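Inside the fold
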Amino acid sequence: MSAFGDFDSQIKVDVKNRFSRGEGMAKDTTVTKFSFEFWLHKTIEWGQTSTSESQQDVCLHLPELQEFLLQIYGALKHMNCTSSIQEFPLIGQLLGRLCWNPFVIGYDECQKILMWCLCCLYSGEPQTPVELKANSWIQGSLCHLLSFSGLRNHDTDINNFISTLGFTSADYYSKLIENVVLSLVTELSRNQFNRVNRQQSMSSRVKSISLLCIPLITLPDVMPLLEALLSYHEDRSQEVLHTEFLEAVNEAVLQKKIFLPESAVLQLWLRHLPGLEKAVLQNLEVLISTQPSSLEEMACLIKSSLLHQAACHPAVFRTIDEIFKNALLETDGAPEVMTVMQVFTQCFVQAYHKNNKQLKFPLKAYFPNNPHSLVMAFLKHPSDLPATGLHQHLTHIAEMLKAAVEAKCTGYCGDLFENWFLFVHFGEWADIAAEQLLSQVESSDALLWLLAFYYYPGEENRRRTQTMVEARSVCDHLTALFRIPTISVTDLQTAVSSGTKQNKSSSNLVVTHLIISFLLFTPTGYTVAKEFITHFVVAGSEIPEVTGLLTRLANRVSQLGMKYQRTVKLVNDLLLKLKCGF
């Protein structure tokens, strides 16, 4: 019994959270000091001897004990762990002794009530080794209660029976847990399809089961029950699973403590919006703070989160999209956020097309605020078009986007932002537009407008026209340099200055995009790339923009074939230097 006293002394720690349990289980939740001391004294007496008189005494007191435990639970569920210990300093000894008394846990609902009491003391977010040790004890006690493992210490016949079957005690009780889980899963499945009349009582039972699962979530044998609970639905609009169960499962998934099937994770996030939001924000924070070296690495991190798969459900996609939208607004269109958003969209599109054997939702369900023809144009993959068709497709996109913006917007309005937001999803087309501008004899108004809108969506028509004029000047100078066998950094600097004569030019980001594309995609630009970017970045303050652009273009270059392998190496070297601060 020393374990119980040890637990009682160790559990006196500060905790920030607790798992509150059930509602309305006891009519009277008043626990007097006298009643607590009486029952603690009784449990000590019962544990010191196993005579028939002692066992009879236990049985005679069981109905009253159950009422007392309901009162204890009624008090604990309104407290946190610290206040519970302050109110009942010996609560660990009392519950511990009762958990190991086979007469107590075998009577009516005592076993269930003991579980609820233990769960009230469980630390939701243990911060210290003491809290971890206390949680471990509680988990062990709960597993013991579930499997009735205490019986093996009090009944030799059961142990002999287990040995006769050829099992060890550990194997037998492990199998017993599996059977308990299987029984609950079967019960849930049967009630799911039969739609029993006692809907209210079943809802209460399902909530209780989910509540009692919380400390057991990371146990492998409990996984089938978690899946069954997450897939259980009723006709009522109210959530039947306990909120803290959903929170605990979500936390375990995010911390990689459990690995649920994609379908179960989807059900989790559909039922628990805060869990989905936390998953998205955590993934976004990791992707931005760790600065993956490539888009491929970023895509791997996104795919490991299962968010792209879950996004195949429109409700999940729109929630994730809303978070991206808010992140863009709060960061004033930070390039890091735009890049993450674009890679996520690529992962989502792959998952959407991969699920072609399943019933698909229409694309309108994902992009309800945009013209369908524009969405379809953006979804077209560049590799599906011939090289000669890229310019025409981009012109088509620019014309549709411009028509959508100018037809519905006068000044700032939601439609303008929604169409720009759609464009950001598929930012690769902006990269291709810059390439195409440098490969044309004469600059295209449509492609210049596309780049200007991508970087400066809120500009008025007059200001956007000025941006296009400045970008055209730079583009013409770069096209002229393309025909010269050898160029210098000074030549490039002259090209930049030609379009940005004002100190604070509105076209800086467009010009940067054109210059970087020139350096990477032209033989003459390649020769001065390192020197120019080093000078360009050190002299200015465009490190985040240039880093984000290089990361995106590295992925673009790698898709163009072997002849660009030298450029891929150059981009990787430049990214390494930028991250090291030169």
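Please read these numbers as outputs of a predicted model, since none were measured by experiment. (Residues numbered from 1 in each chain as written. Predicted model: local features only at pLDDT ≥ 70, side-chain atom pairs only at ≥ 80, totals over all residues. Heavy atoms only, no water.)

For the rest of this paragraph, the subject is the overall build of the chain. Counting secondary structure elements, the chain contains 31 helices and zero strands. Classification of the 582 residues of the chain by burial places 52% in the buried group. Surface summary for the chain: the accessible area is close to 27,600 Å², and the carbon and sulfur share equals 54%. (Helix = DSSP H or I, 4+ residues; strand = E, 2+ residues; numbered from the N terminus. Buried < 20%, exposed > 50% of the residue type's maximum accessible area, 1.4 Å probe, protein only. Areas by Shrake-Rupley, 256 points an atom, 1.4 Å probe, with all protein chains shown as cover.)

Attention now moves to the nonpolar core. Judged by nonpolar contacts, the single largest core of 190 residues is most densely connected at Leu 225, Phe 245, Leu 260, Trp 429, Leu 478, Leu 492 and Leu 519. Excluding its chain neighbours within four sequence positions, the residues that come into contact with Trp 429 are Ala 377, Phe 378, Lys 380, His 381, Pro 382, Leu 385, Leu 390, His 393, Leu 394, Ile 397 and Phe 423. (Core = buried A, V, L, I, M, F, W, Y, C linked by side-chain atoms within 4.5 Å. Contact = heavy atoms within 4.5 Å.)

Once that is clear, we can look at unusual backbone geometry. Positioned with a positive phi, Lys 256 is a non-glycine residue whose angle comes to about 60 degrees. Here Lys 256 lies in the loop between helix H13 (243–254) and helix H14 (262–271). In this structure Lys 256 comes out as partly exposed when scored by relative accessible area, which is 40%. For Leu 306, which is not glycine, the phi dihedral falls at a positive 70 degrees. Position of Leu 306 relative to the elements: it lies in the loop between helix H16 (295–304) and helix H17 (307–310).

The geometry of an aromatic ring pair is captured by the separation of the ring centres together with the interplanar angle, meaning the angle of the planes. A full pass over the atoms with the stated rule returns 21 aromatic pairs. A ring pair is formed by Phe 417 and Trp 420, whose centres lie 5.7 Å apart and whose planes are at 50 degrees; its orientation type is tilted. Here Phe 417 and its partner Trp 420 are both found in helix H22 (residues 414–425), three residues apart, which amounts to about one turn of the helix. Across this residue pair, the class does not change: Phe 417 and Trp 420 are buried. Chaining the aromatic ring pairs together yields one cluster made of Phe 317, Phe 348, Tyr 352, Tyr 366, Phe 367, Phe 378, Phe 423, Phe 426, Tyr 454 and Tyr 455. Over the ring of Tyr 526 we find Arg 566, and its NZ or CZ is 3.9 Å from the ring centre. (Phe/Tyr/Trp six-rings, centres within 6.5 Å; stacked < 30°, edge-to-face > 60°. Lys NZ or Arg CZ within 6 Å of the ring centre and 35° of its normal.)

A full pass over the atoms with the stated rule returns 11 salt bridges. We note a salt bridge from Lys 278 to Glu 251, for which the minimum N-O separation is 2.5 Å. Taken together, the residues span a long stretch of sequence, with Lys 278 in helix H15 (residues 273–290) and Glu 251 in helix H13 at a distance of 27 residues. By relative accessible area, Lys 278 is classed as partly exposed at 36%. (Salt bridge = Lys/Arg side-chain N within 4 Å of Asp/Glu carboxyl O.)

For the rest of this paragraph, the subject is the environment of Thr 465. Along the polypeptide, Thr 465 turns up in helix H25 (residues 461–482). C-alpha of Thr 465 to C-alpha of Leu 448: the two residues are 17 residues apart in sequence and 9.5 Å apart in space.

Let us look at the packing of helix H18 (residues 314–330) against helix H19 (residues 335–354). One way to put it is that H18 packs onto H19 with a least axis distance of 10 Å and a crossing angle of 165 degrees. Of the possible angle classes, the one that applies to H18 and H19 is roughly antiparallel. In the packing of H18 onto H19, the handedness of the crossing is left-handed. Residues Phe 317, Ile 320, Phe 324, Ala 327 and Leu 328 of H18 lie in contact with H19, whose contacting residues are Val 337, Met 338, Val 340, Met 341, Phe 344 and Phe 348. (Axes fitted to C-alpha atoms, helices over the stretch in contact; angles between N-to-C directions. Parallel < 35°, antiparallel > 145°, perpendicular 65-115°, else oblique. Left-handed = near helix turned anticlockwise from the far one by under 90°.)

Interpretation of this model should avoid reading the predicted coordinates in detail wherever pLDDT is low. For the chain, mean pLDDT is 79; residues scoring 70 or higher make up 80% of the total. In the predicted structure, residues 1–29 sits below a pLDDT of 50 and forms 82 contacts with residues beyond four places in sequence or in another chain. Taken as a whole, residues 149–155 scores under 50 in pLDDT and shows 12 contacts with residues more than four places along the chain or in a different chain. (pLDDT = per-residue confidence, 0-100.)

On to the state of the cysteines. Throughout the structure, instances matching the rule amount to zero disulfides. No disulfide involves Cys 300; its sulfur sits 8.4 Å from that of Cys 347, the nearest cysteine. (Disulfide = S-S within 2.5 Å.)

Here Asn 250 shows up in helix H13. On the basis of relative accessibility, which here comes to 2%, the residue Asn 250 falls in the buried class. At 2.8 Å, the side chain of Asn 250 forms a polar contact with the side chain of Trp 269. In this structure Asn 250 touches Leu 268, Trp 269, Gly 275 and Lys 278, once residues within four positions along its chain are discounted. (Polar contact = N/O pair within 3.5 Å; in protein donor to acceptor, adjacent residues only side chain to side chain.)

This part is about the environment of Arg 236. Locating Arg 236 in the fold gives a position in the loop between helix H12 (223–231) and H13. A C-alpha to C-alpha distance of 9.7 Å links Arg 236 and Ser 203, two positions 33 residues apart in sequence.

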